[in-house]
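Results of the structural survey
What follows is each chain in one-letter form.
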Amino acid sequence: MPVSVVPYSEVDVLIIGAGPAGLMCANALANARVNVRIVDKRAAKIAAGQADGISPRTIEVFQSYGIGERLLRESAQVHQAAFYNPSASGGIELTSRAPDVTAPSARYPFEVALHQGGIEAIFLDSMSALGVEVERSTVPTSLDISKDENELADPASHPVRVALQRLDVPEGQPQEEIVHAKFVVGADGAHSWVRKQLDIAMDGEQSEFIWGVLDMVPDTNFPDVRNKSLVHSNHGSALLVPREQDRLRIYMQLEDKDVIDPATGRVDKERIGPEELLRVARRSLYPYSLNPTTGILWWTLYIIGQRVASRFSVENRVLIAGDACHTHSPKAGQGMNASMNDAHNLAWKIALVVRGWADSSLLSTYESERRKYALDLIAFDKMFSTLFSGKPLTEENSDGVAPEHFMKTFQKFGGFTSGIGVHYDPSVAVLDRNQELASGLVIGERFPPYKFIRAADAWPFEIQDLLPSDFRFKLLVFTGDYSDPRQQASVKSMVANLQTPESFLNRYATPGKSSENSRFDIITISKGRKDGFDFLQFPTLLRSHWSKVFFDDLDMSGSFGGTGYSYYGIGPEGAVVAVRPDGYVGAIAPLDHVEELDAYFASFMKISA
């Protein structure tokens, strides 16, 4: 009998798990032209249910990959939040309405809602166009990391060995494959197989709050059915989220401990069903009626668990993302957003290392940045879910949650829940100097939106659209008023410094590559009027293409623009801002000391071989 040969392959990055985190990572790496594979145990993609809320920052991230317009087209926008509390008659009544998003710098000042399958389909189609497909019905059976220090340190090596088993292969064909990868990303959910193989602990606790979820197309007289509605009633709390295609999602608090299997401590779906959940929802919404028009489209039960993995990577070769490294309640709408932004943070770092552009030490900032965020998220989630799940303040319950306190908390943390206020601490990727040169651009936070006017044709451009996720650092040169002779001299001196052989711009140039494939993209933003100014006066370095020069001036209709410098807190002396490939401000330097950026890039970049 012939001995079957197990197929063997090599890949730059193997992603295990094709949920939102895995697909975000795969799509990003496919865009970077990294050799990536992604496997998932499920035989088919998700069709309904699961997570559904997308925060303003995540919309910006989608837009940076060129997939934001489809997301906006297919989803429901959520602009307003309504707050309901117990009424004197025993039901609930409207207490107040407020903006759903309280983040002044949000480009998209709203959330969007679309079922997880719809969100994943956007990634799947984008990846497919780049030649990457999910390998379904495929599970890992073993994972081994080389113990050889030289191999681990060699960026060209493939030190991670993963055995894959295909569950849908016809008899007689190889079911197993051995994959050797440079990097493995475990995005395989809260019960992560990858995390368990690495023996990484989940630190935290399971709360006492049990929740049910229903999706439906409702027939209801509830007046805020198309707003996010946060309901505190004497029969428990509920959260209503409007969805695409007239759908509604309802989260409801369950008090009945009978849904817990005492043997496992886990929720047992056999103990309660969608009809019981509908009765709970109706009690919480009384006196308003609620009837599904086409039945219950999807439902589930869960206990809120609030845990963070003790570490996010091993040897900077196997890394975990999304629910594999943090779990929390869906009440603040952060789960899927946190997961996808983990992957967004990680992908550019892996891409630069794979390309040989960055040292592997850059990958350490993935854990330092995203684990701190996850811990902050858990702290917020504990407070918010406790408030949400708590009994409302009534005459009989003087220790309950006051409506004003709940709404103020909702608004106070708007920067956090929107994703806009996420802040990364100083590291090799965040140089915490010269903040005073651009007080409105917080070092370690995402670059905020503003519209500038393109010099060549007076076309207004949203600056975030000049910062796509194309794995290049953007150097935004705020020249000040170039018509001022002193400022012109300062800019020319800066350009001369950038053109020296020891400057980072030349030191880390990519030989034989066009400017489109270089590590840096220079965008020039001048202060002052566009009228009568010839943008060709700028040094060639600052106008590599006619589309790269902008003015901080009013648009042709005079309806917007002209205050970008003051919005960003940049004075007449100008500044150079280095924006990371993920859209976060990495460093700021004065024009007359642009060499300060040399040390920033030297801390993680490698000279091309």
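It should be noted that the structure appears before, not after, this text.
Description of the structure in this document. (Residues numbered from 1 in each chain as written. Predicted model: local features only at pLDDT ≥ 70, side-chain atom pairs only at ≥ 80, totals over all residues. Heavy atoms only, no water.)

A few words on the overall build of the protein chain. Tallying secondary structure elements over the protein chain gives 15 helices and 28 strands in all. Over its C-alpha atoms, taken along the principal directions, the protein chain stretches across nearly 75 × 75 × 40 Å. Looking at the protein chain as a whole, 58% of its 609 residues qualify as buried. Taking the intrachain contacts of the protein chain between residues at least 6 apart in sequence as the baseline, contacts between residues at least 24 apart amount to 72%. Of the roughly 24,600 Å² that the protein chain leaves accessible, carbon and sulfur atoms contribute 50%. Put simply, the protein chain has 60 plus and 77 minus side-chain charges, and the middle of one group is 2 Å from the middle of the other. (Helix = DSSP H or I, 4+ residues; strand = E, 2+ residues; numbered from the N terminus. Buried < 20%, exposed > 50% of the residue type's maximum accessible area, 1.4 Å probe, protein only. Contact = heavy atoms within 4.5 Å. Areas by Shrake-Rupley, 256 points an atom, 1.4 Å probe, with all protein chains shown as cover. Lys, Arg positive; Asp, Glu negative; His and termini not counted. Charge placed at Lys NZ, Arg CZ, Asp CG, Glu CD.)

Moving on to the side chain of Thr 365. Relative to the assigned elements, Thr 365 resides in helix 9 (residues 364-389). Of the polar contacts made by the side chain of Thr 365, one reaches the side chain of Lys 349; its length is 2.9 Å. Among residues more than four places away in sequence, those in contact with Thr 365 are Lys 349, Ser 427, Val 428 and Ala 429. (Polar contact = N/O pair within 3.5 Å; in protein donor to acceptor, adjacent residues only side chain to side chain.)

This next bit is on the sheet that holds strand 3 (residues 53-54). Judged by pairing direction, the sheet is antiparallel, and its three strands sit side by side in the order 3-7-4 without closing on themselves. The open sheet has two free edges, formed respectively by strand 3 and strand 4 (76-78), since each of these has just one partner strand. Strand direction decides the pairing type here: strand 4 and strand 7 (residues 111-113), joined by three bridges, are antiparallel. Following the sheet pairing, Val 78 is matched in strand 7 by Glu 111. (Pairing = 2+ DSSP bridges.)

Before going further, it helps to spend a moment on the packing of aromatic side chains. Within the structure shown, the criterion is met by 27 aromatic pairs. For the ring pair Phe 504 and Phe 520, a centre distance of 5.3 Å and an interplane angle of 70° mean the geometry is edge-to-face. Remark: Phe 520 occurs in strand 25 (residues 520-527) and Phe 504 occurs in helix 13 (residues 504-507); sequence separation between them is 16 residues. Exposure class is identical for Phe 504 and Phe 520. Each is buried. Ring pairs connect the aromatic residues Trp 348, Phe 473, Phe 504, Phe 520, Tyr 600, Phe 601 and Phe 604, which therefore count as one cluster. Across the ring face of Phe 183, the terminal group of Arg 317 is positioned such that the distance to the ring centre comes to 5.2 Å. The cationic tip of Arg 355 hangs over the ring face of Trp 357; the distance from NZ or CZ to the ring centre is 4.7 Å. (Phe/Tyr/Trp six-rings, centres within 6.5 Å; stacked < 30°, edge-to-face > 60°. Lys NZ or Arg CZ within 6 Å of the ring centre and 35° of its normal.)

With that settled, the discussion passes to unusual backbone geometry. At the junction of Tyr 286 and Pro 287, the peptide bond is cis and its omega measures out at 15° in the coordinates. Here Pro 287 is to be found in the loop between helix 7 (274-285) and strand 17 (290-292). The phi torsion at Asp 199 lies on the positive side, around 60°, for a residue other than glycine. Tracing the sequence through the fold places Asp 199 in the loop between helix 6 (193-197) and strand 12 (202-216). On the basis of relative accessibility, which here comes to 69%, the residue Asp 199 falls in the exposed class.

This paragraph deals with the packing of helix 1 (residues 20-31) against helix 8 (residues 335-355). Here helix 1 crosses helix 8 at 30°, and the two axes come no closer than 8 Å. As summarised for this structure, helix 1 and helix 8 are arranged roughly parallel, according to the angle between their axes. Of the two elements, helix 1 crosses helix 8, and the hand of that crossing is right-handed. Across from Pro 20, Ala 21, Met 24, Cys 25, Ala 28 and Leu 29 in helix 1, the residues of helix 8 making contact are Met 336, Ser 339, Met 340, Ala 343, His 344, Ala 347, Ile 350 and Ala 351. The class makeup of the residues in the contact of helix 1 with helix 8 is 12 nonpolar, two polar and no charged. (Axes fitted to C-alpha atoms, helices over the stretch in contact; angles between N-to-C directions. Parallel < 35°, antiparallel > 145°, perpendicular 65-115°, else oblique. Left-handed = near helix turned anticlockwise from the far one by under 90°. Nonpolar A, V, L, I, M, F, W, Y, C, P; charged D, E, K, R; others polar.)

A separate point is helix 8. A rise of 1.5 Å per residue sets the reference length of helix 8, with its 21 residues, at 30 Å; its end C-alpha atoms lie 31 Å apart and thus fit the reference within 8%. Counting buried positions over the 21 residues of helix 8 gives 20, a clear majority of the element. Positive backbone phi, approximately 85°, marks Gly 356, located one or two places after helix 8. (Expected span 1.5 Å × (residues − 1).)

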